[in-house]
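Descriptive analysis of the structure
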Amino acid sequence: MNKAANIVSLTLLGEYHKVITLGKREFKIYQPTISEISRMFNGAGLSVNEGMKRLDVIAGMPEYLDEVCRTLAIATTIKKPIVEGLTFEYIRRFATMDQIQEAIITLGSVIRGDEIFEHCHLDKSTGKDTAKILGNNNLVGQVATFVEQLHVSYKEATAELSFPLLLLMSVDKMRIDHGNEEAEPEVKTVSGKELMKMKGA
């Protein structure tokens, strides 16, 4: 199995993860659902993109240490939420600031699905896009977009399907190419980060 197929398989099974080191222990960050992301963002209701930008900024600020450690505790106990409290205490006590900042960078990469969009072959879009995209300014709008575009239930969009899987489904779903055959089409490639910006994620 090649790397791209393995990444997609692990994403579908909910087993894709990255290993981080905090203190002297290793933890796994799995791909979170929108509900789990909402908890990581302290219920702020921010878009995923804005929430990660904020975490990147405050990760190095001692006055926000508790909030960042809580985020990492949630992210590393998705499979075992019962130990979230103990994990928070451990990270708060033993993790260095450098480890915490590196962990936040890794968390952002997992949430955006960076490795998925780097290695997986996705069809390129053609034609000029002159439409203006509005909405999707917070998690609620993003949920509505996934429900409408992918025809999944609210529960599936928020609590059952991981956010990177929803992004991958959105960009790789079957669609009609309305490119102009008479002219050389403008070819656009989209990364995971760019897709999040387009969707306001």
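You'll find the structure just up there.
Residues numbered from 1 in each chain as written. Predicted model: local features only at pLDDT ≥ 70, side-chain atom pairs only at ≥ 80, totals over all residues. Heavy atoms only, no water.

Considering the side chain of Q99
- Along the chain, the position of Q99 falls in helix α6 (residues 97–112).
- Those residues in contact with Q99 that sit more than four places away from it in its chain are T21, L22, G23 and F94. (Helix = DSSP H or I, 4+ residues; strand = E, 2+ residues; numbered from the N terminus. Contact = heavy atoms within 4.5 Å.)

Section: the pattern of salt bridges
- Overall, the coordinates contain nine salt bridges when judged by the stated rule.
- Here E50 makes a salt bridge to K53, at a shortest N to O gap of 3.7 Å. Taken together, the residues span about one helical turn, with E50 and K53 both in helix α3 (residues 48–58) at a distance of three residues.
- Residue classification places K53 among the partly exposed positions, given a relative accessible area of 42%.
- For E67, the salt bridge goes to R54, with nearest N and O atoms at 2.4 Å. On the criterion of sequence distance, the pair formed by E67 in helix α4 (residues 65–76) and R54 in helix α3 is long-range, its members being 13 residues apart.
- What makes E67 buried here is its relative accessible area of 19%.
- Connected via shared salt-bridge partners are K3, K18 and E115. (Salt bridge = Lys/Arg side-chain N within 4 Å of Asp/Glu carboxyl O. Buried < 20%, exposed > 50% of the residue type's maximum accessible area, 1.4 Å probe, protein only.)

A few points about the packing of aromatic side chains
- Inspection of every chain in the model, using the stated rule, returns three aromatic pairs.
- Here the aromatic rings of F27 and Y90 are separated by 6.0 Å at their centres, their planes lie at 50°, and the arrangement is tilted. In this pair, F27 sits in strand β2 (residues 25–30) while Y90 sits in helix α5 (residues 84–94), placing the two residues 63 residues apart along the sequence.
- According to the relative accessible area criterion, F27 is buried, its value standing at 6%.
- An angle of 40° between the planes, with centres 4.9 Å apart, marks the rings of Y90 and F94 as tilted. You can see Y90 and its partner F94 sitting in helix α5, four residues apart, about one turn around the helix.
- F94 gets classed as partly exposed once you look at its relative accessible area, which sits at 42%.
- One aromatic cluster is present, built from ring pairs that chain together F27, Y90 and F94.
- Lying across the ring of Y30, K79 places its NZ or CZ 4.9 Å from the centre. (Phe/Tyr/Trp six-rings, centres within 6.5 Å; stacked < 30°, edge-to-face > 60°. Lys NZ or Arg CZ within 6 Å of the ring centre and 35° of its normal.)

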